[in-house]
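Close look at the chain arrangement
As a plain string of letters, each chain reads:
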Amino acid sequence: MTRRNAKADLPEGSESPLNAAVASRDKSTLEMVAEAVQHNQTVLAYQPVMQAMAPHGVAFYEGYIRVLDPTGRVIPAREFMHVVEDKEIGREMDCLALQHGLRALDKFPNIRLSINMSARSIGYQRWTQVLERFMKRDATLGERLVLEITEASAMAAPELVTDFMGRMQQHGIAFALDNFGAGTTAIGSFRQFFFDAVKIDGQFVRGIHANYDNQAVARALIGIAKQFDMFTVAESVENQEDAEFLVANGVDCLQGYLFGAPSVSPPWIEDMKQRQQAG
């Protein structure tokens, strides 16, 4: 007996209960995010990115945008970004992430931060205004800012991204290609981009010390990055065995729960206290 299309059993003009549930959930998520933006209930959560080689210190921190729900609970981006990323509220989230990040760079001159953005925000006037406002105050902020763009986002509008990167790099801003290996970037595409770093997607990193297929993929990705003089960061490093394999195979930086989970309390403040106590 063949399975019939579920929609065939529905009255014309109606939708399936599953689709209705998904639409309702997405609408609720949009409303929550819009409410958080309206009431300035957004923060960054920071995660350290560690140097693979001595002195094994923090190379920079990545800032992840978070929203607070009406109860004050911190909501990670994975629970809402897929709903908002193609809407104007997604551009507002990019603006807020940049604003939070630049404020942190302005307040703490000894740190370096990476902030995520979508290629859809290129040319978004408010995003540009946020950057220009802070750069006028301190032109050196750009030298400590890394902008992360996902592989899928970059490949959706490559000409737009390369033009944008060229203009921003004049201010000292660096760029990282996020989720490297997860998308469909052709090797030849790297000739037109100006990425300073690539972040190897976590699906190839988790458990890599015991997974020969992922080892082969990671070696290939590291080799491509080195060929194009790009810095390599391995995401989702969760145990010492994986870290040791990655370091032995030439990764420049490591990021993941092995070194610390994202925290809305800036981790560098605790690091500063420990250094002061040691001194």
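Quick note: structure is the one above.
Worth saying up front: this structure is predicted, and the values here are computed from it rather than measured.

Among the nonpolar cores identified, the biggest contains 68 residues, and Trp 127 and Leu 147 are the most heavily contacted of them. In terms of residue count, the dominant contributor to this core is helix α3 (residues 88–107) (nine residues). If near-sequence neighbours (up to four positions away) are discounted, Leu 147 is found in contact with Leu 98, Ile 115, Met 117, Trp 127, Phe 164, Ile 173, Ala 174, Phe 175 and Ala 176.

A few words on the pattern of salt bridges. Within this structure, the stated rule accounts for nine salt bridges. The partner of Glu 235 in a salt bridge is Lys 199, with the nearest N and O atoms 3.9 Å apart. Taken together, the positions of Glu 235 in the loop between β8 (231–234) and α8 (240–248) and Lys 199 in strand β7 (residues 197–200) put the pair 36 residues apart, joining distant regions of the chain. Lys 199 matches Glu 235 in its accessibility class, with the two residues each being buried.

So, about the environment of Gly 101. Position of Gly 101 among the secondary structure elements: in helix α3. Gly 101 sits in the buried class, given a relative accessible area of 0%. Beyond its immediate stretch of four places on either side in the chain, Gly 101 contacts Leu 44, Leu 113 and Ile 115.

The linkage connecting Ala 54 with the following residue, Pro 55, adopts the cis geometry, with an omega of 10 degrees. Along the polypeptide, Pro 55 turns up in the loop between β1 (42–51) and β2 (58–68). In this model, Asp 229 sits at a positive phi of 55 degrees, which is unusual for a non-glycine residue. Residue position: Asp 229 is located in the loop between α7 (212–227) and β8. For Asp 229, a relative accessible area of 70% gives the class exposed.

Right, let's get into the pairing of strand β4 (residues 113–116). Judged from the three bridges that link them, β2 and β4 form a sheet pairing that is parallel. Paired with Glu 62 across the strands is Ser 114, a residue of β4. In the sheet, β4 pairs with strand β5 (residues 145–150) via four bridges, with the strands oriented parallel. Its bridge partner being in β5, Ser 114 is matched across the sheet by Val 146.

Here we come to the pairing of β7. Moving residue by residue along a regular strand, the side chains alternate between the two faces of the sheet. Across the two faces of β7 the burial is the same, with Ala 197 and Lys 199 and Val 198 and Ile 200 all buried. Pairing of strand β6 (residues 174–180) with β7 involves three bridges; the strand directions are parallel. Following the sheet pairing, Ala 176 is matched in β7 by Ala 197. Bridge analysis of β7 against β8 gives four bridges, and the strand direction is parallel. Paired with Val 198 across the strands is Thr 232, a residue of β8. Handedness of the β7-α7-β8 crossover: right-handed.

The next subject is the packing of α3 against helix α4 (residues 125–137). Their axes nearest at 9 Å, the elements α3 and α4 cross at an angle of 10 degrees. Here α3 is positioned roughly parallel relative to α4, judged by the angle of their axes. Across the interface between the two elements, Glu 92, Asp 94, Cys 95, Leu 96, Leu 98, Gln 99, Leu 102, Arg 103 and Asp 106 of α3 pack against Arg 126, Trp 127, Val 130, Leu 131, Arg 133, Phe 134 and Arg 137 of α4. Partitioning the contact of α3 with α4 into residue classes produces eight nonpolar, one polar and seven charged.

Reading guide: rules and limits
- Residues numbered from 1 in each chain as written.
- Predicted model: local features only at pLDDT ≥ 70, side-chain atom pairs only at ≥ 80, totals over all residues.
- Heavy atoms only, no water.
- Core = buried A, V, L, I, M, F, W, Y, C linked by side-chain atoms within 4.5 Å.
- Buried < 20%, exposed > 50% of the residue type's maximum accessible area, 1.4 Å probe, protein only.
- Helix = DSSP H or I, 4+ residues; strand = E, 2+ residues; numbered from the N terminus.
- Contact = heavy atoms within 4.5 Å.
- Salt bridge = Lys/Arg side-chain N within 4 Å of Asp/Glu carboxyl O.
- Pairing = 2+ DSSP bridges.
- Right-handed = clockwise from strand over helix to strand, strands pointing away.
- Axes fitted to C-alpha atoms, helices over the stretch in contact; angles between N-to-C directions.
- Parallel < 35°, antiparallel > 145°, perpendicular 65-115°, else oblique.
- Nonpolar A, V, L, I, M, F, W, Y, C, P; charged D, E, K, R; others polar.

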